[in-house]
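Single-letter residue listing:
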Amino acid sequence: MLLLSALTAIGPLTIDLYLSAFPQIVRELGTTESRIQLTLTATLAGLALGQLLIGSISDAIGRRLPLLTALSLYVLASAGIVFVQSVEMLTALRFVQGLTAAAGMVLSMAIVRDNFEGFQVGKVIARLMLVVGVAPILAPTIGAQFLRMGSWRLMFVALAVFGVLLLVLAALRLKESLPPELRRTGG
């Protein structure tokens, strides 16, 4: 349950953690506020597209492989952001980050539906929705604390570390929850 909650939180944390760093990012990358705001739009677009793609893929090939692949790419994108020198590269990597963060959100719900029935599904999903509600509230405050410790890039180091932790835990603890006979075929 804790792992599924953490997977659900990765999307809201990815979106909101860096909001307090916008002025610092503008100064460091020598760009405008509107261009930095586009990085948020790119993340949201990636998150929306990721939910559509990853959900469909996981219905066809199972939950585990898409989750592990997306978490691996999430870590790479987060680590890449630490080294960006242009707003264009930041925007592109934020899109990838959103696309791959969607896996945690959509697949945790799918895993719940695969493993629980009846009243239990509602109970577990309600707990996951609590995480979705609380994470966006806490994320900007956590991000502001990272700014007190150092550069905005530290936030993305933290997201990369969080991604690695989730990847390791998912690889060790999550088994495939969608048996081959229940997978969708034919597109």
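Residues numbered from 1 in each chain as written. Predicted model: local features only at pLDDT ≥ 70, side-chain atom pairs only at ≥ 80, totals over all residues. Heavy atoms only, no water.

A. View of the pattern of salt bridges. Applying the stated rule across the entire model yields 6 salt bridges. A salt bridge links Asp114 to Arg63, with the nearest nitrogen and oxygen atoms 2.8 Å apart. Residue Asp114 is found in helix α5 (residues 87-115), and its partner Arg63 is found in the loop between α3 (33-61) and α4 (64-82); the two are separated by 51 residues along the sequence. Exposure remark for Asp114: the relative accessible area of 25% places this residue in the partly exposed category. Residue classification places Arg63 among the buried positions, given a relative accessible area of 6%. Across the salt bridge formed by Glu176 and Arg183, the nearest N and O atoms sit 3.9 Å from each other. The class of Glu176 is partly exposed, set by a relative accessible area of 32%. Since its relative accessible area comes to 23%, Arg183 is described here as partly exposed. Among the ionic contacts, a cluster of salt bridges with common partners joins Asp59, Arg63, Asp114 and Arg184. (Salt bridge = Lys/Arg side-chain N within 4 Å of Asp/Glu carboxyl O. Helix = DSSP H or I, 4+ residues; strand = E, 2+ residues; numbered from the N terminus. Buried < 20%, exposed > 50% of the residue type's maximum accessible area, 1.4 Å probe, protein only.)

B. Structural view of the confidence of the model for the protein chain. Mean pLDDT over the protein chain stands at 92; residues scoring 70 or higher make up 99%. For the protein chain, helix α6 (residues 119-149) is the element with the lowest average pLDDT, namely 87, and α4 is the one with the highest, namely 97. (pLDDT = per-residue confidence, 0-100.)

C. Representation of the packing of helix α2 (residues 22-29) against α3. Relative orientation of the contacting elements α2 and α3 amounts to 120°, with a least axis distance of 9 Å. Read as a crossing pair, α2 and α3 show a hand that is right-handed. Each of Phe22, Ile25, Val26 and Leu29 in α2 lies in contact with α3, whose residues at this interface are Glu33, Ile36, Gln37 and Leu40. Of the residues assigned to the contact of α2 with α3, the class counts are 6 nonpolar, 1 polar and 1 charged. (Axes fitted to C-alpha atoms, helices over the stretch in contact; angles between N-to-C directions. Left-handed = near helix turned anticlockwise from the far one by under 90°. Contact = heavy atoms within 4.5 Å. Nonpolar A, V, L, I, M, F, W, Y, C, P; charged D, E, K, R; others polar.)

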